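Close look at the chain arrangement
The chain contents come next:
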Amino acid sequence: MDDNIKIVSRLSRKAKINITIVIFLIFIVLTVLVSINQVRIIVENREKLIELGEKLNWYRNQNIDLLALEKSLYGDDALELEARKQFNMTTGDETNVSVVVRDEKADSEVEDSSSASSAKEVYSSADLWGNIKIFYNNEIKND
């Protein structure tokens, strides 16, 4: 009895092949789209890597320049020059000369501020807001 039963499909053989081809093409298109996204990410990461490499080289060159400058500062001439500039030091028979220019107006302000300073409050090391209030009253509000 089983030999006499024939299964009839609703779709023709040509339609089944066409559906299989369409599904296969959709799979290929999805695979290509995912691959393009991954390739784009790889290219962006390579560009970032190149940019970071260039930045690293620039910082290395800058570091080398600073190290060379630091080494040059250890010479006697450089030390003497820095001592003269920063600390107003002299060598041998040289003498330091300081010129103080006084302004008549500034002298009167100094006298006024010295009399006002006796009325000023004293800063406390434990009271931050009090110190800010004193600073505001003495320095900002009076100006």
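To start, this report covers the structure provided alongside it.

Rules of the game
Residue numbering note: each chain is counted from 1, following its sequence as written. Side-chain atom pairs in this predicted model are given and counted only at pLDDT of 80 or more, local residue features only at pLDDT of at least 70, and totals for whole chains, interfaces and linings cover all residues. With hydrogens and water set aside, each side-chain value is computed from the structure's full complement of heavy atoms. Each helix corresponds to a stretch of at least 4 residues labelled H or I by DSSP, and each strand to a stretch of at least 2 residues labelled E; elements are numbered beginning at the N terminus. Accessibility throughout is a Shrake-Rupley quantity obtained with a 1.4 Å probe, and a residue counts as covered only by protein chains that appear here. Only Phe, Tyr and Trp rings are paired, with Trp represented by its six-membered ring, and only when their centres lie within 6.5 Å; those with planes under 30 degrees apart are stacked, over 60 edge-to-face, the remainder tilted. Only protein chains enter the accessibility calculation, which uses a 1.4 Å probe. A residue is then buried if its area is under 20% of the maximum for its type, exposed if over 50%, and partly exposed in between. Expected span, for any helix, means 1.5 Å times one less than how many residues it has. Within this document, salt bridges are pairs made up of a side-chain nitrogen of Lys or Arg and a carboxyl oxygen of Asp or Glu, the two lying within 4 Å of each other.

The helix and strand inventory of the protein chain stands at 4 helices and 0 strands. If you list the helices and strands of the protein chain from N to C, you get α-α-α-α. Here the protein chain has roughly 13900 Å² of accessible surface; of this, 60% comes from carbon and sulfur atoms.

In this section: the packing of aromatic side chains. The full count for this structure, using the stated rule, is 1 aromatic pair. Taking 5.0 Å as the distance between ring centres and 70° as the angle between the ring planes, the aromatic pair formed by W58 and Y59 counts as edge-to-face. Judged by relative accessible area, which is 47%, Y59 ranks as partly exposed.

For helix α2 (residues 76-87), with 12 residues, the first-to-last C-alpha span of 16 Å sits near the 16 Å given by 1.5 Å per residue. Once α2 finishes, N88 follows within two positions and takes phi at roughly 55°, a positive value.

Glancing now at the pattern of salt bridges. Using the criterion set out here, one finds 1 salt bridge in the structure. With a shortest N-O distance of 3.0 Å, R40 and E44 are connected by a salt bridge. Of this pair, R40 and E44 both sit in helix α1 (residues 13-72), 4 residues apart, roughly one helical turn. We classify R40 as partly exposed; its relative accessible area is 43%. A residue is classified by how much of its surface remains accessible, and E44, at 35% relative accessible area, is partly exposed.

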